[in-house]
Amino acid sequence: MSPASHRDESPDRLYTLTGGRTRSAPDAPFDLVTLVVAESDPAPGMQSEHAAILRLCRRPTAVVEVAAELALPVGIVRILLADLLGTGRISARHPRTSGPADPSGSYSLPDPDILEQVLVGLRNL
Amino acid sequence: MDSAISERTPLTSTADNGLKIVIVGGFGVGKTTLVRSVSEIRPLNTEETMTRAGEAVDDVAQVHTKTSTTVAFDFGRITLDAHNVLYLFGAPGQERFWFLWDRLFAGTLGAVVLVDTRRLADSWYAIDRLEHHGMPFIVACNDFGGPAHTEQEIREALDLADHVPLVECDARDRSSSKYVLITLVTHLQRLHALRETRT
């Protein structure tokens with residue numbers, strides 16, 4: 001299976017991958033940059049996309065990297081990841097960027113300690 | 001698929017905090033070039049699709065039309081330290097992209113609007129939307145060797161507020177792209193300091 005194998009598939013085919021679901025559970029908010037770590041090896045008989053994710057995520061791998069490597073839309077990958085999280089096969093390291101989440105969903109400035117770490121990291125490049 | 005996986009450069013096992021910066025700009029302005037020049041991985045491409053109910057309703061058939069919005073974007077990665085990993089997203093500035101902004105780019109540190117000074121009008125919409133979302137940004141002019149404009153001319157053409165940093169860059173050059181990102185982060189620090197003095 002090539003990485004681009006899902007690119008030209010119809011949406012119908014994509015939704016069969018997720019059992020018809022188009023949204024992941026609201027209690028599993030996978031950000032684009034949530035780092036996913038496999039907690040187990042692929043098991044025989046597992047859905048091939050789930051197995052591929054477990055192989056990819058032996059080291060921390062961002063949701064967006066999983067989507068790119070599997071050539072699947074991010075939304076589909078979020079659903080697949082929620083399945084794996086629900087069964088304890090992966091763990092998720094969610095981003096810590098800002099202070100308390102703003103309930104209105106509007107922008108809040110990043111934590112100053114994080115900004116300093118970003119600056120140091122960039123200067124060391 | 002396995003061959004693609006084996007080409008990957010994995011993160012260290014201690015990596016636990018993903019961060020986002022978005023590079024917004026029109027087609028051909030050099031977003032992916034900038035991402036590539038500082039990224040530790042070859043830029044990857046992915047997409048997000050959103051289906052939303054259309055406004056048009058056919059009264060006779062009671063059929064609700066649905067429209068599907070697909071946005072493709074490139075990204076690269078910079079490992080900052082043992083814990084922090086910065087992801088750079090090159091995103092198109094066109095209208096449909098902004099429907100997905102909150103879903104994809106909530107929690108973004110800030111944005112860089114990459115502009116081609118020969119096509120300044122291409123950036124108006126992106127700047128307007130960033131202001132609308134309250135997302136801090138800087139403007140970086142990618143040098144395509146066109147006629148030189150003064151900073152004042154560019155600021156006026158973009159209707160750019162005085163406090164928004166404006167820098168020139170060569171997106172092909174690693175140190176120049178790095179400087180663009182540093183300018184954004186120092187701008188965010190300045191905004192933080194301003195807010196602290198106000199409260």
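Residues numbered from 1 in each chain as written. Chains lettered and ligands numbered in written order. Predicted model: local features only at pLDDT ≥ 70, side-chain atom pairs only at ≥ 80, totals over all residues.

- Chain B has the name ATP/GTP-binding protein in an unreviewed UniProt entry, where Streptomyces lavendulocolor is given as its organism.
- Recorded in UniProt under Sequence similarities (unreviewed entry), the annotation for chain B is "Belongs to the GPN-loop GTPase family." (UniProt positions renumbered as here; feature names shortened; annotations may be inferred.)

## A few points about the interface of chain B and chain A
Link 1 in the chain: With 44 residues of chain B in contact, the opposing surface of chain A contributes 41 residues.
Link 2 in the chain: Within the residue set of the side of chain B that touches chain A, elements represented by two or more residues are helix H1 (2-6), strand S1 (17-25), strand S2 (44-58), strand S3 (63-79), strand S4 (84-92), helix H3 (101-105) and helix H6 (174-198) of chain B.
Link 3 in the chain: Here the side of chain B that touches chain A gets ten residues from one element, more than from any other, and that element is H6(B).
Link 4 in the chain: Here the residues of the side of chain B that touches chain A are counted per class, giving 23 nonpolar, 13 polar and eight charged. (Contact = placed C-beta atoms within 7 Å. Helix = DSSP H or I, 4+ residues; strand = E, 2+ residues; numbered from the N terminus. Nonpolar A, V, L, I, M, F, W, Y, C, P; charged D, E, K, R; others polar.)

## Topic: the sheet that holds strand S3 (residues 90-93) of chain A
All names here are of chain A.
Link 1 in the chain: Sheet architecture is open: three strands sit in the order S2-S1-S3, paired in antiparallel fashion. The outermost strands of the open sheet, each flanked by one partner alone, are strand S2 (61-62) and S3.
Link 2 in the chain: Sheet topology note: the strand S1 (residues 35-38)/S3 ladder contains four bridges and is antiparallel. Counted as the bridge partner of Leu-35 is Arg-93 from S3. (Pairing = 2+ DSSP bridges.)

## Description of the nonpolar core
Link 1 in the chain: The biggest cluster of nonpolar side chains holds 83 residues, and the ones touching the most others in it are A:Val63 and B:Val112.
Link 2 in the chain: Here this core gets eight residues from one element, more than from any other, and that element is helix H4 (residues 74-86) of chain A.
Link 3 in the chain: Other than its neighbours up to four places away in sequence, A:Val63 contacts A:Phe30, A:Asp31, A:Leu32, A:Val33, A:Thr34, A:Val36, A:Val74, A:Val77, A:Arg78 and A:Leu81. (Core = buried A, V, L, I, M, F, W, Y, C linked by C-beta atoms within 7 Å. Buried ≥ 20, exposed ≤ 12 C-beta atoms within 10 Å, placed from the backbone.)

## Here's the deal with the pairing of S4(B)
When a strand is regular, its side chains alternate between the sheet's two faces.
Residue and element names in this part refer to chain B.
Link 1 in the chain: Burial of S4 is extensive: eight of the nine residues sit out of reach of the surface.
Link 2 in the chain: Bridge count between S1 and S4: nine bridges; the pairing is parallel. Looking at S4, one finds that Leu-19 is bridged to Leu-86.

## As for the pairing of strand S7 (residues 166-169) of chain B
Link 1 in the chain: Of the strand pairs in this sheet, strand S6 (residues 137-142) of chain B and S7(B) are connected by four bridges, and their pairing is parallel. When the bridges of S7(B) are listed, B:Ala140 appears paired with B:Val167.

## Looking at unusual backbone geometry
Link 1 in the chain: Located in the positive-phi region is A:Ala71, a residue other than glycine, with phi close to 55°.
Link 2 in the chain: Position of A:Ala71 relative to the elements: it lies in the loop between helix H3 (63-70) and H4.
Link 3 in the chain: A:Ala71 gets classed as buried once you count the C-beta atoms within 10 Å, which come to 20.
Link 4 in the chain: Despite not being glycine, B:Asp159 has its phi angle at roughly 55°, a positive value.
Link 5 in the chain: With respect to the element layout, B:Asp159 can be found in the loop between helix H5 (151-158) and S7.
Link 6 in the chain: The exposure class assigned to B:Asp159 is exposed, which follows from the 9 C-beta atoms found within 10 Å.

## Observations concerning the packing of helix H5 (residues 112-123) of chain A against H6(B)
Link 1 in the chain: Close contact between H5(A) and H6(B) brings their axes to 10 Å; oriented N to C, the two are set at 160°. By the angle class used here, H5(A) and H6(B) are roughly antiparallel. When the axes of H5(A) and H6(B) are compared, the crossing they make is left-handed. For the pair H5(A) and H6(B), contact is made by A:Pro112, A:Leu115, A:Val118, A:Leu119, A:Leu122 and A:Arg123 and by B:Lys178, B:Leu181, B:Ile182, B:Val185, B:Thr186, B:Leu188, B:Gln189 and B:His192, respectively.
Link 2 in the chain: For the contact of H5(A) with H6(B), the per-class residue count stands at nine nonpolar, three polar and two charged. (Axes fitted to C-alpha atoms, helices over the stretch in contact; angles between N-to-C directions. Parallel < 35°, antiparallel > 145°, perpendicular 65-115°, else oblique. Left-handed = near helix turned anticlockwise from the far one by under 90°.)

## Considerations on the environment of B:Trp124
Link 1 in the chain: Looking at the element boundaries, B:Trp124 is found in helix H4 (residues 124-133).
Link 2 in the chain: Taking C-alpha positions, B:Trp124 is 9.7 Å from B:Leu160, a pair spaced 36 residues apart along the chain.

## A short note on the confidence of the model for chain A
Link 1 in the chain: Mean pLDDT over chain A: 84, with 74% of residues reaching 70 or higher.
Link 2 in the chain: This stretch, residues 1-5 of chain A, has a pLDDT under 50; its non-local contacts, to residues over four places away or in other chains, come to eight contacts. (pLDDT = per-residue confidence, 0-100.)

## Concerning the packing of H3(A) against H4(A)
Residue and element names in this part refer to chain A.
Link 1 in the chain: At a minimum axis distance of 9 Å, the contact between H3 and H4 shows a crossing angle of 110°. The angle between H3 and H4 falls in the class roughly perpendicular. In the packing of H3 onto H4, the handedness of the crossing is right-handed. Here Val-63, Val-64, Val-66, Ala-67 and Leu-70 of H3 lie close against H4, whose contacting residues are Val-74, Val-77, Arg-78 and Leu-81.
Link 2 in the chain: Among the residues making up the contact of H3 with H4, the classes are represented as eight nonpolar, no polar and one charged.

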